[in-house]
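A closer look at the structure
Below are the chains, spelled out letter by letter.
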Amino acid sequence: MSSSEHHLAFERLVRPHLDRLYRLAWRLTGAKDEAEDLFQELLTRAFTKLDDLVEIDEPGPWLCRVMYNLFIDERRRFTRQRLHVVDEGSLPGEGLAGMAGPDDPAENHARDVRLRRLDAALAQLGDDHRVVVLLHDTEGYKLTEIHELTGIPVGTLKSRLSRARARLREMLEADGTFS
Amino acid sequence: MTTEHSDNHDRELLELLRELPAPEAPPGFYDRALARVAHRGSRRQRNRWLATGFAAALAATAAFWVVAGLLLDKPELPHDDAIPGVTLALEQPRTVNFVFASATALDSAMLTISLPDGIELQGFPGRRQITWETSLREGKNLLPLTLVALSPAGGELLATLEHDARDRSFRLRVMIAEEPPDGTPG
């Protein structure tokens, strides 16, 4: 197979899954630049595994798992390094900045404010809690699907989901979003 | 708070979470990402690209993540060439956002910022060291610091977080541009 045929075969395999992968990258990282780096890293990694990829019946879940593992690896490196320079988009409350919404925020200011507060509250959660609440409550993944993606037992996911919701509710009550 | 209130808030939270906008890739992003795949075989290439990206990002307001991790083992301070840097223009205030990510809530932590000669923290003229007591929530805590360069020397800013007889220090290299970072004269 020539280099361009190789690339075309790869593109045919992954293109149907790109929207889902992009959304997953956003939900995992919570920030546009980090999401796009993670997305690119996944494609680069998957391209080197093309021979394996063509043998897989459902490339979508496989790609999602690889992305999750890359995310976890990156977070471990982050923790070891201790100090990082990141773009502004990664700051709490700024995660919505690069995200397209169905409405013009100016047309619905109150909703926009509530969503920004939610975004800021989400940024205060640890990754373990943030990711499960976003995948389950925002993206509509079932707990069993999150288990398949992350390898975390369903019972642990259930308890993280419950704690994440409680913490979010507490923060949104404290800042007056919920009265 | 009544059970009814609590149930209402649970419902409101779920509705709000479902309303979070769906991230959409910018036009052409997938095509560019796929095209890049063929040309980006090595990690080294990616790191070079990231370094360039960071340099560009520093032209805007910079943000620094500091993982406090006070419950974890003390890390080694980064090697000199691994210290993050920020470039200031003389006498032009620039906000640097520190984000302290703590594994747990911490009360009565002491935060000390030590500044190199010629760099001031806006609102604290003439002070080389500023210390205050603070509490950290579990997760990420944002601290914006506005720095002003009064001389072209630059140097190293040291941020030290102390809690319960343990401490973490983080260094930031402060460089001074001969011209403003955006390249405009004056």
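A quick note: this is a predicted structure, and the numbers were derived from the prediction, not measured.

The subject of this paragraph is the overall build of chain A. Along its length, chain A carries nine helices and one strand. Mapped in sequence order, the helices and strands of chain A form the string α-α-α-α-α-β-α-α-α-α. Looking at chain A as a whole, 40% of its 179 residues qualify as buried. Relative to all contacts within chain A whose residues are 6 or more apart in sequence, the contacts with residues 24 or more apart total 69%.

Across its full length, chain B carries three helices and nine strands. In sequence order, chain B lays out its α and β elements as α-α-α-β-β-β-β-β-β-β-β-β. Here chain B holds 186 residues, and 26% of them are scored as buried. A fraction of 79% describes how many contacts in chain B between residues 6 or more apart in sequence connect residues 24 or more apart.

Of all hydrophobic cores here, the largest spans 48 residues; its most connected members are A:Leu21, A:Ala25, A:Leu38, A:Phe39, A:Leu42, A:Leu43 and A:Met67. No other element matches helix H3 (residues 32-48) of chain A, which puts seven residues into this core. Discounting residues that sit within four places of it in the chain, A:Phe39 has contacts with A:Leu21, A:Tyr22, A:Ala25 and B:Ala33. B:Leu145, B:Ala149, B:Leu157 and B:Val174 belong to the second largest nonpolar core, which has 20 residues in total.

Residue and element names in this part refer to chain B. Residues Val86 and Leu88 point to one face of strand S2 (residues 85-89) and are all buried, whereas Gly85, Thr87 and Ala89, pointing to the other face, are not buried. Of the pairings in the sheet, the one linking S2 to strand S9 (residues 166-177) comprises five bridges and is parallel in character. Of the residues in S9, the one forming a bridge with Val86 is Val174.

Where helix H9 (residues 154-174) of chain A contacts helix H1 (residues 3-19) of chain B, the two axes come as close as 10 Å, and the packing angle between them is 100°. Considering the angle they form, H9(A) stands roughly perpendicular to H1(B). Taken together, the residues of H1(B) that come into contact with H9(A) (itself represented by A:Arg165, A:Leu168, A:Arg169, A:Leu172 and A:Glu173) are B:His9, B:Asp10 and B:Leu13.

It is worth spelling out the environment of A:Asn69 at this point. All names here are of chain A. In this fold, Asn69 is placed in helix H5 (residues 59-81). Accessibility expressed as a C-beta count within 10 Å gives 15 for Asn69, which makes it partly exposed. Between the C-alpha atom of Asn69 and that of Leu42, which follows or precedes it by 27 residues, the distance is 9.7 Å.

Attention now goes to H9(A). In this model H9(A) runs 30 Å from its N-terminal to its C-terminal C-alpha over 21 residues, within 8% of the 30 Å that 1.5 Å per residue would give. Summarising the contacts, the buried residues of H9(A) are in contact with helix H6 (109-124), helix H7 (127-138) and helix H8 (143-150) of chain A together with H1 of chain B. A:Gly176 lies just past H9(A) and shows a positive phi near 85°.

Moving on, we get to the pairing of S9(B). Across nine bridges, the pairing between strand S8 (residues 155-163) of chain B and S9(B) is antiparallel. Residue pairing across strands places B:Leu158 opposite B:Arg171, the latter belonging to S9(B).

On to the confidence of the model for chain A. Detailed reading of predicted coordinates is not advised where the pLDDT is low. Of all residues in chain A, 82% attain a pLDDT of 70 or more, and the chain-wide mean is 82. Below a pLDDT of 50 lies the segment residues 80-103 of chain A, which in the model reaches 61 contacts outside its immediate sequence neighbourhood of four places, other chains included.

So, on to the confidence of the model for chain B. Residues and elements named next belong to chain B. Taken as a whole, chain B shows an average pLDDT of 70; of its residues, 65% reach a score of 70 or greater. The lowest-confidence element of chain B is helix H3 (residues 43-57), averaging 41 in pLDDT; the highest-confidence one is strand S5 (residues 119-121), averaging 89. Scored below 50 in pLDDT, residues 41-81 shows 64 contacts in the model against residues more than four places distant or in partner chains. Across residues 180-186 the pLDDT falls below 50, and counting only partners more than four positions away or on other chains, this stretch makes seven contacts in the model. Model confidence for the complex is summarised by a pTM of 0.56, with the ipTM given as 0.79.

Here the focus is the sheet that holds S8(B). All names here are of chain B. Sheet architecture is open: five strands sit in the order S2-S9-S8-S4-S6, paired in mixed fashion. Strand pairing shows two members of the sheet lacking a second neighbour, S2 and strand S6 (129-136), which therefore form its edges. The sheet shows a mean angle of 25° between the axes of neighbouring strands, taken without regard to direction.

Residues and elements named next belong to chain A. For helix H2 (residues 18-29), spanning 12 residues, the distance from its first C-alpha to its last is 16 Å, which sits close to the expected 16 Å at 1.5 Å a residue. Summarising burial for H2: nine of the 12 residues are buried, a large majority. Among the residues making up H2, those that are buried are Leu21, Tyr22, Arg23, Leu24, Ala25, Trp26, Arg27, Leu28 and Thr29. Among the residues trailing H2, Gly30 stands out with phi positive, at a value near 80°.

Residues and elements named next belong to chain B. The residue Glu91 is not glycine, and still its phi comes out positive at about 60°. Among the structural elements, Glu91 can be located in the loop between S2 and strand S3 (94-102). The class of Glu91 is exposed, set by 9 C-beta atoms lying within 10 Å.

What counts, and where the lines are drawn
- Residues numbered from 1 in each chain as written.
- Chains lettered and ligands numbered in written order.
- Predicted model: local features only at pLDDT ≥ 70, side-chain atom pairs only at ≥ 80, totals over all residues.
- Helix = DSSP H or I, 4+ residues; strand = E, 2+ residues; numbered from the N terminus.
- Buried ≥ 20, exposed ≤ 12 C-beta atoms within 10 Å, placed from the backbone.
- Contact = placed C-beta atoms within 7 Å.
- Core = buried A, V, L, I, M, F, W, Y, C linked by C-beta atoms within 7 Å.
- Pairing = 2+ DSSP bridges.
- Axes fitted to C-alpha atoms, helices over the stretch in contact; angles between N-to-C directions.
- Parallel < 35°, antiparallel > 145°, perpendicular 65-115°, else oblique.
- Expected span 1.5 Å × (residues − 1).
- pLDDT = per-residue confidence, 0-100.

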